[in-house]
Structure formats: structure tokens, C-alpha cells
2 protein chains.
Amino acid sequence: MIRSVFFVSDGTGITAETLGHTLLTQFEQVSFQQMSLPFVNTDDKVEWAVQRINRAAESDGVKPLVFSTLIDSQLRTHLVKCNGVVFDFFETFTGAMEKELGVTAQRVAGRSHGMGNVRAYSERIDALHYAIQNDDGATTRDYPMADVVVMGVSRAGKTPTCMYLALTYGVRAANYPLADDDFERGSLPAVLEPYRHKLFGLTVDPERLHQIRKERRRDSRYASMEQCLMEVRAVERLFKRERIPFFNITQRSIEEISAQLMQQAGLTRRI
Amino acid sequence: MIRSVFFVSDGTGITAETLGHTLLTQFEQVSFQQMSLPFVNTDDKVEWAVQRINRAAESDGVKPLVFSTLIDSQLRTHLVKCNGVVFDFFETFTGAMEKELGVTAQRVAGRSHGMGNVRAYSERIDALHYAIQNDDGATTRDYPMADVVVMGVSRAGKTPTCMYLALTYGVRAANYPLADDDFERGSLPAVLEPYRHKLFGLTVDPERLHQIRKERRRDSRYASMEQCLMEVRAVERLFKRERIPFFNITQRSIEEISAQLMQQAGLTRRI
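Starting afresh in each chain, residues are numbered from 1 along the sequence in its written order. Whichever chain is written first becomes A and whichever ligand is written first becomes 1, with later ones labelled in order. In view of the model being predicted, local features appear only for residues whose pLDDT reaches at least 70, and side-chain atom pairs are presented and counted only at 80 or more, with totals across whole chains, interfaces and linings using the full set of residues. Hydrogens and water molecules were not included; the side-chain quantities draw on all heavy atoms of the structure.

- Chain A carries the name Putative phosphoenolpyruvate synthase regulatory protein in an unreviewed UniProt entry, which gives Ectothiorhodospira haloalkaliphila as its organism.
- Quoted straight from UniProt, the Function (unreviewed entry) entry for chain A says "Bifunctional serine/threonine kinase and phosphorylase involved in the regulation of the phosphoenolpyruvate synthase (PEPS) by catalyzing its phosphorylation/dephosphorylation."
- UniProt positions are given in the numbering used here, feature names are shortened, and annotations may be inferred rather than shown by experiment. Looking at chain A in UniProt, the text filed under Sequence similarities (unreviewed entry) is "Belongs to the pyruvate, phosphate/water dikinase regulatory protein family. PSRP subfamily."

Shown next, in the form of C-alpha cells:
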């Protein structure tokens, strides 16, 4: 049996999806058919959402789950008339918050993922452009502006981590690939010396690295188990000898790598 | 008066932060001091979190707000003994979900932003590498694999949008900058013709474009109000004539641009 799930929001739907997904992960024994309905900010659009939910209820034979972050009370009143089970994030917590804070919630739609303050927005965009310009050791000229310089072998998750750090935390992360030359020398590339306090390492199990590289370049020396094993050993030896903090990313998602790096490197979000 | 806020999680803290931030945006009249405590997954770490919360309570003279997504019931029981007001996300909704679904929640920590299924994880990473390799018109060779090709003038938000689409939705988005040559010709670059059905335009108010470009290259022709006005007019004329769907990104966040583009282009998430 399939259970329909709707994420209803007056904005992007990101909060409704994040919260809903988190709850759904605890019910893996159920098959969910998920649908996001963003920008539901007028009575007409709520009516359209209600009709979609009701049609799903009819064809499924069970009530859909509806995760809502609608803020406007008139729209909320309209939505709860649907033939689904509505989980109302805003209404659920706001009363207790108002009581504790002694003030009334402002009830303005679209704030949580809107422009917010312009400074925070620019920080993120600038951090993202920084990550792109400083991807894969393209240049070290702008390292004085880096919050962190992420090091590791090719395909150890450096690039996605740097992009995620920029978008989520506004942190400026450069990344620098380590390769054969560095392992033979056995010490830090001289160009990195001035930024020693900003360096952070990522490593990965050789088996996993082999698997990832094979998908890109099957039958290459680059992807061979032998090469992966050699590189991972060499890079971990280098991190230890040079006292560069590092951890192993195998089995970790981009979100987990980023949160772990923020914590272990002692970084604070810029936004 | 400052009110301390803690986001307590057994994983990355992303869900707790998302929920908390969304609620806090409705109380802009209050000054919040926010602190994320991720990876709180042992009794010792909960005790450490409780002590931090209690110290903040003492120094603030008011109870901190605590947004928790802890799943383990023993850890939760420990946390609620703190001297703060605990908003327990999991406990609040799980009972009603269990009742409606007729099954028991699995109560496994760290799932919502973990690796999840490996296929979904690879889709995101591949989409991100796709976006980087196809940034700023670098190549059109891989456009057959694109879900969407985002077009617009320089600094109209194309790059951050493509990165965000990759990380959040697993969508493969290339981006192609339009410039003087294209405006003079007044038609689509020939290289884009085969991908006409995948094209999507972003435009921006000339004043905002002028402001953004000035921050990069003050006193350049590129940043001049005259040039910005000309480019925006030309690009909008091109989008209309060629019937390329587009919208104006001024006053929209990356999240809003991405959600709007997904909806208007009829894209579905790959993850």
C-alpha cells in the first residue's frame, strides 16, 4: 500500500520538506509517494492543494499525510478542511513560544528561506563564488581570505563539501588536491605553509575510493586498488606528521561531513 | 535582552536548525543568540549540552529555547531536565503519525541527513560535478545530459542556482551566459538550438545588476548602469521572442529561485 504525502508551504517548501522527510525516515516500512506544493499563498492555491490531496485520498483509499508550514491563519483554516491528516509545524510550536517569549508571533509568510538580510545573502553568494574559484587547487592567491583549506586525494569529497559549506554556513572554503608529487616529497607543498592553521584533511577508505574512481575511469592506474591504497596511506601519513586535523568521510553524507568539519575545525557560521 | 537558543541533534543539526530558524523568523522583535550542538549521541554529550544550556540560563536570567531532534528516548529524557524550554520535534509528531500509519516508528538516529540510499547520494554528487563542469558556458558537449540549461546575463544568479539545484534536488543544471554577441545577433546561439526545450532564463532588475557588478568591478563598462540596462532589455527581448520561460530573480533568495524554477520548468527531483 502506498501512502501519499504532501508538503504544503507558502514559500519554497524547503522547511516543510526537511521536517517531513526527517519524520518519514523513521517509517521505512511504509512506501510513501511524496509531492511538494510550494508557493501556496492565496485562497485559490489552497483550494487547488485541497483538491489534489482529496483526489489522492480517494485513489489511495487512505488519508494522505500533509506537512504544512503555512503561516496565514485563513489559509491554514482552509487547508485543514482537506481529507488528509495535517501536521501543522507553525501552529504546533508557536503558542508555547509566544507564551515563553511574552510577545506575539509576527505571522509573515515566506521569511524562512527568503532573502533575509541582504548581507547574509551576499555572504553566501560570495562564499560560493570563492569555493568555485578556489576549487581543486586552481589558485592559492586568495588563501589569505579562506576560512578553511580542505585537503585530500582526488575524489575524497572536497568539492561538494566546500560548496555545501558556502551555501549553508557562508564559510569560505578552498580546496587543494594532494597527488603523487606531494607523496614523494612527504611534506606539505611549500605554497601551503603560510596557511597551515587553516588546513583540514579529508580521507576515505581505499575500497570506497577505488569504487568511486572506477565509475569515472575504469581500468586506469588512477582507479586501481593499488593506487588508491598507496594514496590513502600516504595522505594519512602526511596529515599525521604535519598535525593537520582530519577525518574519514566513508559512510558520511555531504551534510555530515560539513557539520563535522565545522565542529572539528572550530568554524562558526558567517550567516 | 538576549534570549539564548540551542539546536540539539544526534546528527548534523540541520533539521533542528531549519525548524528553529523558521520559527524564530516570526519573532524578529526578540534578539536571539543561537548555538548549534550537533552529534549529541551519548549520555556524556547530552550532559555536556545540559550544562551549556544551564549556564546560558543563569547568565541570561531567562530560560533558553531548545529545539531538539533527538530520537533516542533515554537521551531525550535526559535533555528535558535542562533549565530551558525544550521543543521536542520528534516526540511532538511521532505519536500521531504512528496512530495514522498503524506502525511503530523505528527510532534510528542520524537518518535524515545521513547517506540514505547510496544511489540518491551519487545522484547529488554527480549533479554537482555536472554543474561545476558546465558552469558559465564552459562547454556544451554534455548538454544532452542536462535536465535544464539556465541562461542569463553575467551575475544574474545562474551559478548559485545550478549548484543549489544539484545539492538539493539532484537535478543536472548547466548554465550559459549571454553577452554582447548574442544581443547583437538577436537570436539564440546556434549551439543551443538542439536544447531549446531545456532552456530556462533568469533576469534581474537593471538597478540590482548594476549594484552587484559594481561590487566586483567598480568604474567598468561592465558595471555601468547603461550597460546593465542594455543587457537586461536585450535578454528579456530574446527570452520573449524565442519563447524561453523566465522570471525575475530580484528580491528572491537562492532557495526561492530554485523552487520557482523547478515548478515553472516542470522539473522533478531526482532524489
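Still to come is the rest of the account.
**Some points on the overall build of chain A**
Item 1. In terms of regular secondary structure, chain A is built from ten helices and eight strands.
Item 2. Relative to its length of 271 residues, chain A is extended, with a C-alpha radius of gyration of 24 Å against a globular reference of 18 Å.
Item 3. By its C-alpha atoms, chain A is 70 × 45 × 30 Å across when sized along the principal axes.
Item 4. Burial here depends on accessible area, computed with a 1.4 Å probe over protein chains only, as a share of the maximum for the residue type. Under 20% is buried, over 50% is exposed, and the range in between is partly exposed. Every one of the 271 residues in chain A was classed for burial, and the buried ones make up 57%. A helix here means a DSSP run of H or I that spans at least four residues, while a strand means a run of E at least two residues long, and both kinds are numbered starting from the N terminus. Radius of gyration here uses only the C-alpha atoms, and the compact-globule reference equals 2.2 Å multiplied by the residue count raised to the power 0.38.

**Considering the UniProt feature "binding site: ADP" (unreviewed entry) in chain A**
Item 1. Mapped onto the present numbering, the UniProt feature "binding site: ADP" (unreviewed entry) falls on Gly152(A), Val153(A), Ser154(A), Arg155(A), Ala156(A), Gly157(A), Lys158(A) and Thr159(A).
Item 2. Note on placement: Val153(A) falls in the loop between β5 (148-152) and α6 (158-169).
Item 3. Only heavy atoms matter for contacts: two residues are in contact if any of them lie within 4.5 Å across the pair. Here Val153(A) is in contact with Lys158(A), Leu178(A), Phe183(A), Leu209(A), Arg213(A), Glu231(A) and Val235(A), once residues within four sequence places are set aside.
Item 4. Locating Thr159(A) in the fold gives a position in helix α6.
Item 5. Given the relative accessible area of 10%, Thr159(A) is considered buried.
Item 6. The residues touching Thr159(A), leaving out its near neighbours within four places in the chain, are Asp135(A), Asn175(A), His129(B) and Ile132(B).

**So, the relation of the copies chain A and chain B**
Item 1. Superposition record for chain A on chain B: RMSD 0.1 Å, screw rotation 180°, translation along axis 0.0 Å. With respect to symmetry, the two chain copies, as superposed, fit the operation of a two-fold axis. Among all C-alpha atoms of chain A, that of Leu19(A) lies closest to the rotation axis, at 3.5 Å.
Item 2. Most of the interface of chain A is mirrored in chain B, where 100% of its interface residues are also at the interface. Copy-to-copy superposition: least squares on the C-alpha atoms, limited to residues that have pLDDT of at least 70 in both copies.

**Focus on the nonpolar core**
Soluble globular proteins tend to bury their nonpolar side chains together.
Item 1. Buried Ala, Val, Leu, Ile, Met, Phe, Trp, Tyr and Cys residues form a nonpolar core when they are joined through side-chain atoms within 4.5 Å. Core analysis: the largest hydrophobic core is formed by 106 residues, its most contacted members being Val148(A), Leu261(A), Val148(B) and Leu261(B).
Item 2. What Val148(A) contacts, discounting residues up to four positions off in sequence, is Leu165(A), Val171(A), Arg172(A), Ala173(A), Ala174(A), Lys198(A), Phe200(A), Leu261(A) and Leu267(A).
Item 3. Phe90(A), Leu65(B), Phe67(B) and Phe87(B) belong to the second largest nonpolar core, which has 40 residues in total.

**Some words on the interface of chain A and chain B**
Item 1. Taken together, the contacts link 73 residues of chain A with 73 residues of chain B.
Item 2. Accessible area that two parts lose when put together, evaluated with a 1.4 Å probe and summed over both, is termed the buried area. Together, Gln26(A), Phe93(A) and Met97(A) form the three largest contributors to the area buried by chain A at its contact with chain B, with a combined 10%.
Item 3. The salt bridge definition used is simple: a Lys or Arg side-chain nitrogen within 4 Å of an Asp or Glu carboxyl oxygen. Where chain A packs against chain B, one counts eight salt bridges.
Item 4. The residue Arg3(A) makes a salt bridge to Glu100(B) at a minimum N-O spacing of 2.8 Å.
Item 5. Under this definition, polar contacts are N or O atom pairs within 3.5 Å; protein pairs additionally need one hydrogen-donor-capable and one acceptor-capable atom, and for neighbouring residues in sequence, both atoms have to be side-chain atoms. If you look at where chain A meets chain B, you find 22 residue pairs in polar contact (both at pLDDT 80 or more).

**Considering the side chain of Glu231(B)**
Residue and element names in this part refer to chain B.
Item 1. On the secondary structure map, glutamate 231 appears in helix α9 (residues 225-241).
Item 2. For glutamate 231, a relative accessible area of 6% gives the class buried.
Item 3. Beyond its immediate sequence surroundings of up to four residues, glutamate 231 is in contact with Val153, Asp180, Phe183 and Arg213.

**Considering helix α1 (residues 14-24) of chain A**
Item 1. Counting buried positions over the eleven residues of α1(A) gives ten, a clear majority of the element.
Item 2. If you check which residues of α1(A) are buried, you get Ile14(A), Thr15(A), Ala16(A), Glu17(A), Thr18(A), Leu19(A), Gly20(A), Thr22(A), Leu23(A) and Leu24(A).

**Remarks on the sheet that holds strand β8 (residues 246-248) of chain A**
All names here are of chain A.
Item 1. We treat two strands as partners when DSSP finds at least two bridges between them. Taken together, the four strands give an open sheet; going across it, the order is β6-β5-β7-β8, and neighbouring strands pair in parallel fashion. Bordering the open sheet on either side are β6 (173-177) and β8, each of which pairs with just one other strand. Strand after strand, the sheet turns through a mean of 25° between neighbouring axes, direction not considered.
Item 2. Pairing of β5 with β6 involves five bridges; the strand directions are parallel. The residue bridging valine 150 from the neighbouring strand is asparagine 175, located in β6.
Item 3. Of the strands in this sheet, β5, β7 (199-203) and β8 touch helix α9 (residues 225-241), which is tilted by about 150° from β7.
Item 4. Here helix α10 (residues 254-264) sits on the sheet and contacts β5, β7 and β8; the angle it forms with β8, its principal contact strand, is near 155°. Angular values range over 0 to 180 degrees, each being the angle between N-to-C directions of two axes fitted as lines to C-alpha atoms, with helices fitted over their stretch in contact.

**A short note on the pairing of strand β5 (residues 148-152) of chain B**
Residue and element names in this part refer to chain B.
Item 1. Within β5, five of the five residues are buried, which leaves it mostly tucked inside the rest of the structure.
Item 2. Burial of β5 is two-sided: the residues Val148, Val150 and Gly152 facing one way and the residues Val149 and Met151 facing the other way are all buried.
Item 3. A clockwise course of the path from the first strand over the helix to the second, judged with the strands pointing away from the viewer, identifies a crossover as right-handed. In this fold, β5 hands off to helix α6 (residues 158-169), which returns the chain to strand β6 (residues 173-177); that crossover is right-handed.
Item 4. When β5 meets strand β7 (residues 199-203), the two strands line up parallel, connected through three bridges. The partner of valine 149 across the bridge, within β7, is leucine 199.

**Description of the domain arrangement of chain A**
Often, the extent of an interface is quoted as the loss of accessible area upon association of its parts.
Item 1. Residue ranges for the domains trace back to a domain assignment, done automatically or taken from a database. Taken domain by domain, chain A holds domain 1 (2-101) and domain 2 (118-264).
Item 2. Here the C-alpha centre of domain 2 of chain A lies 39 Å away from the C-alpha centre of domain 1 of chain A.

**Observations regarding the packing of aromatic side chains**
Item 1. Note on aromatic contacts: the rings of Phe and Tyr and the six-membered ring of Trp form a pair at centre separations within 6.5 Å, being stacked when their planes are under 30 degrees apart, edge-to-face when over 60 apart, and tilted otherwise. With the rule as written, the count across this model stands at 17 aromatic pairs over all chains.
Item 2. Note on Phe93(A) and Phe93(B): the rings are 5.8 Å apart at their centroids and 75° apart in plane angle, and the pair reads as edge-to-face. Pair noted here: Phe93(A) is in helix α4 (residues 89-101) and Phe93(B) is in helix α4 (residues 89-101), and the two residues belong to different chains.
Item 3. In this structure Phe93(A) comes out as buried when scored by relative accessible area, which is 3%.
Item 4. Geometrically, the ring pair formed by Phe67(B) and Phe87(B) is stacked, given 5.2 Å between the ring centres and 20° between the ring planes. Placement of the pair is Phe67(B) in strand β3 (residues 65-68) and Phe87(B) in strand β4 (residues 85-88), with a sequence separation of 20 residues.
Item 5. On the accessibility criterion, Phe87(B) (5% relative accessible area) is buried.

**Some points on the pairing of β4(B)**
All names here are of chain B.
Item 1. Taken together, the four bridges between β3 and β4 define a ladder with parallel strand orientation. Bridge pairing in β4 places phenylalanine 67 opposite phenylalanine 87.
Item 2. After leaving β3, the chain enters helix α3 (residues 73-79) and then returns to the sheet as β4, a path that is right-handed.

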